[in-house]
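# Examining the three-dimensional arrangement
Single-letter residue listing:
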Amino acid sequence: MDARNPRTRDNGARNDPAGAARDTDVLVVGAGPTGLLLAGDLAEAGLGVTLLERRPGTISNLTRALAVHARTLEQLDARGLADELVAGGHPLASLRLFGDARLDASRLHSRFPFVLITPQFEVERLLERRAREAGVTFRYESEVLGLDQDAEGVTVRFRTPEGLGSLRAAYAVGTDGVRSAVREAVGLPFPGKSVIRSLVLADVRLAQEPDSPFTVNATGDAFALIGSFGDGWHRVIGWNRRHQAGDDAPVDLDEVREITRLALGSDYGMHDARWISRFHSDERQVPEYRVGRVFLAGDAAHVHSPAGGQGMNTGLQDAANLSWKLAAVLRGHAPDSLLDSYQTERHPVGRTVLRSSGALVRLALLHSAPGRLARTLAARLLARLRPLSGRAIRTISGVGIAYPAGPGAHRLAGHRAPDVRLADGSRLYEVLRQGRFVLITPSDEPGGVRPAEDRTVTVHWHSTRRTAVLVRPDGYVAWATDATAPAERARALRTALVHWTGAEPGDGGPIATALTPQGHAADRPAGR
């Protein structure tokens, strides 16, 4: 917790406006990376959070994700976790896709111009520690059976080794993976299809280390990647066109070795497998990320092929988008309608990831002579056309993601805010650790507009830039202006602060009405 922004923690019972007792503010179902980040954010905002997880209370290291992209590292930096994660991983300046196709991450304008290779359980370890320190209540071995919701709250029913139970909250979020019980409970379909069958996964030791901690290639008949955990163990993912079997078909180390030799030319002397399994990869997305007081995030909302390593990263960014909005609504700083923007902003991103990862895997597995020629041409285009390759790495890394800003908005609105240096020597993402909006202005800003300090931190440019920028807690630009006339500038800033933070500048208190993200006045509670 940032010493500059002390927050109260209250995980006791609450009351709905109608008088019905509730056990916590938010119930999060699923203790993977998405759920852990979301729960930690909400608890650091002073809210009561209970996290339900079906597994026992241990983090499994048998996880699939290995790549952490730049935008995810920026989000972790805004929570004080990125440097520790980077210190234990393997930064790669480029990401190999297939054949000679590579994406140059070193060109990213980010504090993290690389792809970090580190196992998912390391990300979970840091996020769980943060969530516990923030006061999240963990309830393991809790299998969700169903839920009921009304205008004031949601009740989640679950089973534990001790018997049946239920908890009531203002909102619930399903981050419980591809087989989401929350998604099933709210009756949402999960349309899509299997994109690739009979993938094999294994954790092995190698007699010979590959040249890179992340080695990947595809031929006409096989695909394989090897990623290092950094402790002597390696994750292998492979696919053999000539051996397609169901998920429950037996798989052994000899099959993994054969696939790796076909795709990479060597099995690197793999031995002592501690875990081997077979699975299939789907492309699916729910039509709605919100049903009343229930939300879906991560794999519960969208799943896709492992190409590009975007799965865990997309889920973490879902959580970063939703957490500050839930906190704003529950603290009385914004109307419930703000939560609709989670669907507006994140559903198109999930759809884009499905398309891009699907295109990568289909291109990598092309088998015909024309298909292989097309793959070769695609690799050459990525290598030679810098605008194309730059756009591709910005998309896959998440750095290039932007949200709709509405008509008449400043050109910066909706875009990711870069980690700029500030006048006091700090960085923007260090200031974002306070969990508030950040207003960046010149040091001699005219007009005397004072944002409510419990909602907005005011800082100044290190440079002579005159633009005033309001940055959301998730690191995206909410509003900006280049106006120079003092009265016009002050009026625009006052309107933006009311719109986004729900407080009249200068008094720090709640106001009777605020603007929704679409710009319409809406009634809202006066806050707790």
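Residues numbered from 1 in each chain as written. Predicted model: local features only at pLDDT ≥ 70, side-chain atom pairs only at ≥ 80, totals over all residues. Heavy atoms only, no water.

## Some details on the overall build of the chain
A tally of regular secondary structure across the chain gives twelve helices and 27 strands. Across the 528 residues in the chain, those meeting the buried criterion constitute 57%. Long-range contacts, defined here as pairs at least 24 residues apart, represent 67% of the contacts in the chain between residues at least 6 apart. Taken as a whole, the chain presents about 21600 Å² of accessible surface, with 51% of it coming from carbon and sulfur. (Helix = DSSP H or I, 4+ residues; strand = E, 2+ residues; numbered from the N terminus. Buried < 20%, exposed > 50% of the residue type's maximum accessible area, 1.4 Å probe, protein only. Contact = heavy atoms within 4.5 Å. Areas by Shrake-Rupley, 256 points an atom, 1.4 Å probe, with all protein chains shown as cover.)

## Side note on the pairing of strand 11 (residues 143-149)
Across six bridges, the pairing between strand 11 and strand 12 (residues 154-160) is antiparallel. Within the sheet, the bridge partner assigned to Gly146 lies in strand 12 and is Arg157. Following strand 11, the chain reverses through four residues before pairing antiparallel with strand 12. (Pairing = 2+ DSSP bridges.)

## Some remarks on the environment of His415
In this fold, His415 is placed in the loop between helix 10 (386-397) and helix 11 (428-431). Given a relative accessible area of 39%, His415 falls into the partly exposed group. Taking the C-alpha atoms as reference, His415 lies 9.7 Å from Val471; in sequence the two are 56 residues apart.

## Describing the pairing of strand 22 (residues 437-441)
Where burial is concerned, most of strand 22 is hidden: five out of the five residues are buried. On strand 22, burial covers both faces: Phe437, Leu439 and Thr441 on one face and Val438 and Ile440 on the other are all buried. Sheet analysis places strand 22 next to strand 23 (residues 456-460), joined by five bridges and oriented parallel. Residue pairing across strands places Ile440 opposite Val459, the latter belonging to strand 23. Where strand 22 meets strand 24 (residues 468-471), three bridges bridge the pair, whose relative direction is antiparallel. Within strand 24, the residue paired with Ile440 across the bridge is Val469.

## Quick word on the side chain of Asp25
With respect to the helices and strands, the residue Asp25 is situated in strand 3 (residues 24-29). Here Gly48 takes part through its backbone nitrogen, which lies 2.9 Å from a polar atom of the side chain of Asp25. (Polar contact = N/O pair within 3.5 Å; in protein donor to acceptor, adjacent residues only side chain to side chain.)

## Some details on the sheet that holds strand 15 (residues 214-218)
Each strand in a sheet pairs with another by means of backbone hydrogen bonds, the pair being arranged parallel or else antiparallel. Strands sit in the order 15-16-17-14-18-21 across an open sheet of six strands; the sheet is antiparallel. Edge positions in the sheet fall to strand 15 and strand 21 (302-303), since each has one partner strand and no second.

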